[in-house]
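# Inside the fold
Below, each chain spelled out in residue letters.
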Amino acid sequence: MSEAIAIGIHRRELYALRDKGALELISRGLYRLVEISAPSLPDFIPVAKRIPHGVICLISALAFHEITTQIPQFVYVALPRQAHKPAITYPPMRYFWYTEKLLNTGVQKHSIDGCTFKIFDIEKTLVDCVKFRNKIGMDVVLEALKMYWHSRKTNLDKLFEYAKLFRVEKILKPIMETIVSGYEYMDEGFLRPVDDLEAL
């Protein structure tokens, strides 16, 4: 709505188009023309339009990069430490407040459906998941790391560079070593050998 008003369209005109069915309300203050194709990532649009300083992170970023079987129940968004919680009621959001260094490292920009949103790259996402493992669950972290290794599109140098930078190298290294060598990392903190790496 703010963009429409800025180019001279009155909010009454927007409401009239909405009431006629020409506009669909996506989220508070966000509309799309019904005649155009539905967006492929509709839940990212409120972040792109209303949280320009936010970065898609954690499980939402894992799903975007296709290294999880989780279906995110929220849009996971990283915010600057001093930022206020955005007033977005839909879609459901989970916010994480990052330091400046953590927020500005490993950021990619993607343009989809006419919107540009920021998201962490694969390796930074994995390191963040390790860092916030108590918030999202260690099972999610282990699955993502296994899928990352099996994808054969790994960049372990980059992964461990991030891990060292954000002080999770001591946690990440033994997990990756067990995945690579064909052992299973157990929640209890010990390793169990497996006959086949694919069983991981």
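Residues numbered from 1 in each chain as written. Predicted model: local features only at pLDDT ≥ 70, side-chain atom pairs only at ≥ 80, totals over all residues. Heavy atoms only, no water.

### With respect to the pattern of salt bridges
- Inspection of the entire model under this criterion finds three salt bridges.
- Here Asp121 makes a salt bridge to Lys158, at a shortest N to O gap of 3.1 Å. Residue Asp121 is found in the loop between β7 (115-120) and α6 (122-131), and its partner Lys158 is found in helix α9 (residues 156-165); the two are separated by 37 residues along the sequence.
- Its relative accessible area of 4% is what places Asp121 among the buried residues. (Salt bridge = Lys/Arg side-chain N within 4 Å of Asp/Glu carboxyl O. Helix = DSSP H or I, 4+ residues; strand = E, 2+ residues; numbered from the N terminus. Buried < 20%, exposed > 50% of the residue type's maximum accessible area, 1.4 Å probe, protein only.)

### Things to note about the environment of Arg167
- Relative to the elements of secondary structure, Arg167 occurs in the loop between α9 and α10 (169-181).
- Residue Arg167 is classed as exposed on the basis of its relative accessible area of 77%.

### So, the confidence of the model for the protein chain
- Looking at the protein chain as a whole, its pLDDT mean stands at 83, while 80% of the residues score no less than 70.
- Note on residues 195-200: pLDDT under 50 across the span, and 14 contacts to partners over four residues away in sequence or across chains. (pLDDT = per-residue confidence, 0-100. Contact = heavy atoms within 4.5 Å.)

### A word on the packing of aromatic side chains
- This model, assessed by the stated rule, comprises nine aromatic pairs.
- Where Phe44 meets Phe117, the ring centres are 5.0 Å apart and the plane angle is 70°; that geometry is what we call edge-to-face. In this pair, Phe44 is assigned in the loop between β2 (30-33) and α3 (45-50) and Phe117 in strand β7, connecting sequence segments 73 residues apart.
- Take Phe44: its relative accessible area is 8%, and that puts it in the buried class.
- For Phe117, a relative accessible area of 3% gives the class buried. (Phe/Tyr/Trp six-rings, centres within 6.5 Å; stacked < 30°, edge-to-face > 60°.)

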